[in-house]
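Geometric and topological summary
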There are 2 protein chains.
Amino acid sequence: MTSAHRSSWQDIRDTLQGRVLDRTYRPGDKLPRDEDIAEELGCARSTVQRAMQDLADAGVVERKRKGGTHVRPDPVTRAVLDIPITRVEVEAKGAVYGYQLVHQAREMTPLSVAASFGLSAPEEMLHVEALHLADQRAYVFEDRWVNLESCAEIEAVDLTRDSANEWLVRNKPYSRCDVRLYAVNADDRIAERMEAMPGAALLVIERTTWLGDVPITTVRSVTRPNYQLLTQKA
Amino acid sequence: MTSAHRSSWQDIRDTLQGRVLDRTYRPGDKLPRDEDIAEELGCARSTVQRAMQDLADAGVVERKRKGGTHVRPDPVTRAVLDIPITRVEVEAKGAVYGYQLVHQAREMTPLSVAASFGLSAPEEMLHVEALHLADQRAYVFEDRWVNLESCAEIEAVDLTRDSANEWLVRNKPYSRCDVRLYAVNADDRIAERMEAMPGAALLVIERTTWLGDVPITTVRSVTRPNYQLLTQKA
DNA sequence: TAGTGGTCTAGACCACTAA
DNA sequence: TAGTGGTCTAGACCACTAA
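Computed from a predicted structure; not experimentally measured.

Rotating chain B by 180 degrees and translating it 0.0 Å along the rotation axis places it on chain A, where the RMSD comes to 0.0 Å. Look at the turn and shift together and you get a two-fold axis relating the two. A symmetric contact is evident, with 100% of the interface residues of chain B recurring at the interface of chain A.

Structure, rendered in structure tokens:
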């Protein structure tokens, strides 16, 4: 008790989560109705609802109309990753950001790229390869395809100065983004660019974005050796 | 217009997000006050508040008291990963789950493990290595350390039958979980276990959990070749 | 079909912070 | 210190779904 405030929804959430943690409510157990909890804890039902919504979002409980609220029997670890613009990420580490355009051309998409967009046939798109640097050293190698039907304006942009990453983020908001994470062995070309040993294990972050049903861009970001992706908090 | 319902907070959110997408509100722009938006769109202020909360959670806008609501100038890609129990993950793919205990012993933690927990000195913990299988083939190799001060009961569990993963999830809820993702080259030992080529690039998922300030477990899950981690949706 | 969660409203008061 | 977002309340009605 730090004060005489009314209970906030966060107090209610903490109380309920505490009961899950100390096993008053066990995995699979049914919790009382929101209304009963509200009465017990002396707050409005909508305050309990707000707290429960948060616990449900966090994967702690599951709620169903008429079925009630249950402690999740198979808890999942829910990790939230924030992937910023590469420049911002580098600067946040206190390093000097650098950028080099490696390749830019209209090309037919390989099948893998068409597949990321859910297209059945290859299409001509803008293919851009670029290297992001932190303190003069390779940080991320970006292999990107941009849909010219939705982003025709990008052909007028000088990509030797501004990265496609930056331009797209500022000019092409998206409504959907799929992310895919995996590991690859550096081939000779990547190894040279990334100052890595050939065969080194590198983390790849692949992102594909759409506005509505219209593809915008897909990008394969190969990170430097020993790169790690961290989550915020639970 | 599909019906004559009152506007829901999701309608309001979609309307506002639409204005961000079509650049009525541009990156950095200030939006009207909640109250004015409520009046314009014909709903209660709390409905706008609910919609705005969702947009702020999604990283679309930033809100500050007195400062108002602004479209985020540096949008981040926010990815949500659900990491289930390995058995559940394998079964969800329609494969048959299998499990083998490889090693179990009390040992002093290496420095890297002590560091994960924020400990300054090594401590004796339970070290468990196990292999998870999907359709008889290696799926995830799990290298785990369990804090015996918080999880003494685990020494009474027959880990040749039930995986530590499963037992902990069901018996040791946590309040904090750090996740770390990176790539490694398979060493000879891992390569043999994972049926991979030595040097193959493998994705590693490292998780460390606490209850309050008390460490529970840290686990390094080395995934099989070509494993991919996907997000839900944006 | 009855019970439970989901949402909306109007009004009040509070908490933070830009000016 | 005034303006804006954050939250609570009480009551109403709705939407889903287990029984």
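Glancing now at the interface of chain B and chain A. In this assembly, 51 residues from chain B lie in contact with 51 residues from chain A. Buried surface at the junction of chain B and chain A, both sides included, amounts to about 4200 Å², of which 52% is carbon and sulfur. Looking at the side of chain B facing chain A, the largest losses of area belong to L21, T77 and L181 of chain B, adding up to 14% of the total buried there. Summed over the shared surface of chain B and chain A, the result is four salt bridges. When the shortest N-O distance is used, the salt bridge between D82 of chain A and R78 of chain B registers 2.8 Å. Along the contact surface separating chain B from chain A lie 26 residue pairs in polar contact (both at pLDDT 80 or more). Of all the secondary structure elements, the ones that give two or more residues to the side of chain B that touches chain A are α1 (9-21), α3 (45-57), β3 (77-83), α4 (86-92), α6 (164-171), β7 (176-185), β8 (201-211) and β10 (229-230) of chain B. Sorting elements by how many residues they give to the side of chain B that touches chain A places β7 of chain B first, with 10 residues.

For the rest of this paragraph, the subject is the protein's contact with DNA strand C. In the region of DNA strand C, 25 residues are neighbours, and R45 and R63 of chain A together with S8, W9 and T47 of chain B sit closest. A share of 70% of the atoms of DNA strand C within 4 Å of the protein falls on sugar and phosphate groups. Taking R33 of chain A, its side chain carries an N or O atom lying 3.3 Å from a phosphate oxygen of DNA strand C. One nitrogen or oxygen atom from the side chain of Q49 of chain A is found 2.8 Å from a phosphate oxygen belonging to DNA strand C.

Time to look at α3 of chain B. For α3 of chain B, which comprises 13 residues, the first-to-last C-alpha distance of 18 Å matches the rise-based estimate of 18 Å (1.5 Å per residue) to within 8%. For α3 of chain B, the set of buried residues is T47, V48, R50, A51, M52, Q53 and L55 of chain B. Contact partners of the buried residues in α3 of chain B: α3 (45-57) of chain A together with α1, α2 (34-41), β1 (61-64) and β2 (68-71) of chain B. Two residues or fewer after α3 of chain B comes G59 of chain B, characterised by a positive phi angle close to 85 degrees.

Here we come to the packing of aromatic side chains. Per the counting criterion, the structure on display carries four aromatic pairs over all chains. With a centroid separation of 5.8 Å and an interplanar angle of 70 degrees, the aromatic rings of Y139 of chain A and Y227 of chain A are classed as edge-to-face. Here Y139 of chain A, found in strand β6 (residues 137-146), pairs with Y227 of chain A, found in the loop between β9 (214-223) and β10 (229-230); they are 88 residues apart in sequence, far enough to count as distant. For the residue pair Y139 of chain A and Y227 of chain A, the accessibility class agrees, reading buried in each case. Note on F117 of chain B and W210 of chain B: the rings are 6.3 Å apart at their centroids and 90 degrees apart in plane angle, and the pair reads as edge-to-face. Placement of the pair is F117 of chain B in the loop between α5 (111-116) and β5 (124-134) and W210 of chain B in strand β8, with a sequence separation of 93 residues. Positioned over the ring face of W9 of chain B is R50 of chain B, at 3.9 Å from the centre of the ring. Above the face of the W210 of chain B ring, R176 of chain B is positioned so that its terminal group lies 4.0 Å from the ring centre.

The rules we used
- Residues numbered from 1 in each chain as written.
- Chains lettered and ligands numbered in written order.
- Predicted model: local features only at pLDDT ≥ 70, side-chain atom pairs only at ≥ 80, totals over all residues.
- Heavy atoms only, no water.
- Least-squares fit on C-alpha atoms with pLDDT ≥ 70 in both.
- Contact = heavy atoms within 4.5 Å.
- Buried area = accessible area lost by both parts, 1.4 Å probe.
- Salt bridge = Lys/Arg side-chain N within 4 Å of Asp/Glu carboxyl O.
- Polar contact = N/O pair within 3.5 Å; in protein donor to acceptor, adjacent residues only side chain to side chain.
- Helix = DSSP H or I, 4+ residues; strand = E, 2+ residues; numbered from the N terminus.
- Near = heavy atom within 4 Å.
- Expected span 1.5 Å × (residues − 1).
- Buried < 20%, exposed > 50% of the residue type's maximum accessible area, 1.4 Å probe, protein only.
- Phe/Tyr/Trp six-rings, centres within 6.5 Å; stacked < 30°, edge-to-face > 60°.
- Lys NZ or Arg CZ within 6 Å of the ring centre and 35° of its normal.

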